[in-house]
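# Analysis of the macromolecular model
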Amino acid sequence: KVLKYLPSDKAADARSFMMSFQYWLGGSPENLENMLLMMANTYVYEGQKQITTEISEPALLPDIGIWHPLAPQVFEDSVEYNQWYDKEHAPMLGINPKTAPTVGVILQKSHINTKDECHYTS
C-alpha cells in the first residue's frame, strides 16, 4: 500500500525492493515468476527492449483464512466460504449442505502458497 507513495523516478531501487519483497512474501510460483520478470525489466534490460509479458501485481493470501482445494480462492471468513459452498460447490456435486459433514484441518499457509498441498487433498 505504501508503494503508491514512492516516486518511481527518485526511489526506483526502494520501490523495486518493496515490490520484490511483496512477491517473495506471496511465495507462489506465479509470484516468483513475476518477481523475476519485474527485476529483469528493472535491472537487466534497463534501457533496452524489455519483456513484454504482462507482469501481475503480487498476489498475497490472507494470514488466516479458509481454504478448500476446489475453491477459486482462500476465503477470509466463514460467511464468504459458506456462501460459496452452499450456492456453488454443493449444488454442483449434488451435496445437501444441511446434512453434509464438515471437516476442518489446520494447515500451514506456505503449503497453499507454493501449491504443495497434495498431502492434504489425497
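For the structure, check the block above.
Presented here is a report on the structure given in the accompanying data block. This one's a predicted model, so the numbers in the text were calculated from it and none came from an experiment.

### Description of the side chain of His 68
Along the polypeptide, His 68 turns up in the loop between helix H2 (29-44) and helix H3 (78-93). On the accessibility criterion, His 68 (15% relative accessible area) is buried.

### Re the nonpolar core
With six residues, the main nonpolar core is built from Ala 71, Phe 75, Tyr 81, Trp 84, Tyr 85 and Ala 90. Not counting residues up to four positions away in its chain, the partners in contact with Ala 90 are Tyr 85, Ile 95 and Pro 97.

### Looking at helix H1 (residues 12-26)
A rise of 1.5 Å per residue sets the reference length of H1, with its 15 residues, at 21 Å; its end C-alpha atoms lie 21 Å apart and thus fit the reference within 8%. Burial in H1 covers these residues: Ser 16, Met 19, Ser 20, Tyr 23 and Gly 26. Projected down its long axis, H1 carries its buried residues within an arc of 115 degrees, all on one side. Structural note: H1 exposes Asp 13, Phe 17 and Trp 24 on the side pointing more than 90 degrees away from its buried face. Where the residues of H1 are buried, they touch H2 and helix H4 (109-113).

### Let's talk about the layout of surface pockets
Empty space within the largest pocket amounts to approximately 800 Å³. Considering the residues around the largest pocket, the lining is formed by 28 residues, among which Ile 66, Trp 67, His 68, Val 103 and Val 105 are closest to the centre. For the lining of the largest pocket, the elements supplying multiple residues, two or more each, are H3, H4 and helix H5 (118-121). Broken down by element, the lining of the largest pocket gets its largest block of residues, four residues, from H3. Tallied by class, the residues present in the lining of the largest pocket amount to 17 nonpolar, seven polar and four charged. Estimated volume of the second largest pocket: approximately 380 Å³. Leu 61, Val 74, Ile 112, Asn 113 and Lys 115 are the residues nearest the centre of the second largest pocket, which is lined by 22 residues in total. Listed by contribution, the elements that provide at least two residues to the lining of the second largest pocket are H2 and H4. Top element by residues in the lining of the second largest pocket is H2. It accounts for three residues. In terms of residue class, the lining of the second largest pocket is made up of ten nonpolar, eight polar and four charged.

The rules behind the values
- All chains use their own residue numbering, which begins from 1 and follows the written sequence.
- Local features in this predicted model are restricted to residues of pLDDT 70 or higher, and side-chain atom pairs are both shown and tallied only at a pLDDT of 80 or more, whereas totals for entire chains, interfaces and linings draw on every residue.
- Values shown for side chains rest on all heavy atoms present in the structure; no hydrogens or waters enter the calculation.
- Think of it this way: any DSSP run of H or I at least four residues long counts as a helix, any run of E at least two long counts as a strand, and we number them from the N terminus.
- Three exposure classes are used, based on accessible area relative to the maximum for each residue type with a 1.4 Å probe and protein chains only: buried under 20%, partly exposed in between, and exposed over 50%.
- Side-chain atoms within 4.5 Å link the members of a nonpolar core, which is a set of buried Ala, Val, Leu, Ile, Met, Phe, Trp, Tyr and Cys residues.
- Any two residues having at least one pair of non-hydrogen atoms within 4.5 Å are treated as being in contact.
- Here the expected span of a helix is defined as 1.5 Å times the quantity of residues minus one.
- Each direction from the helix axis to a C-beta atom contributes to the arc, which is the arc of those directions.
- Grid points spaced at 1 Å and placed over the protein atoms alone form the basis of the search, with a cavity being a set where a 1.4 Å probe fits but cannot get out and a pocket an open set showing protein on both sides within 12 Å along at least five of seven lines. Lining residues have an atom within 4 Å of a point.
- Grid points are joined across faces, edges and corners, and a volume is the space filled by probe spheres set on the points.
- Classes in brief: Ala, Val, Leu, Ile, Met, Phe, Trp, Tyr, Cys and Pro nonpolar; Asp, Glu, Lys and Arg charged; the others, Gly included, polar.

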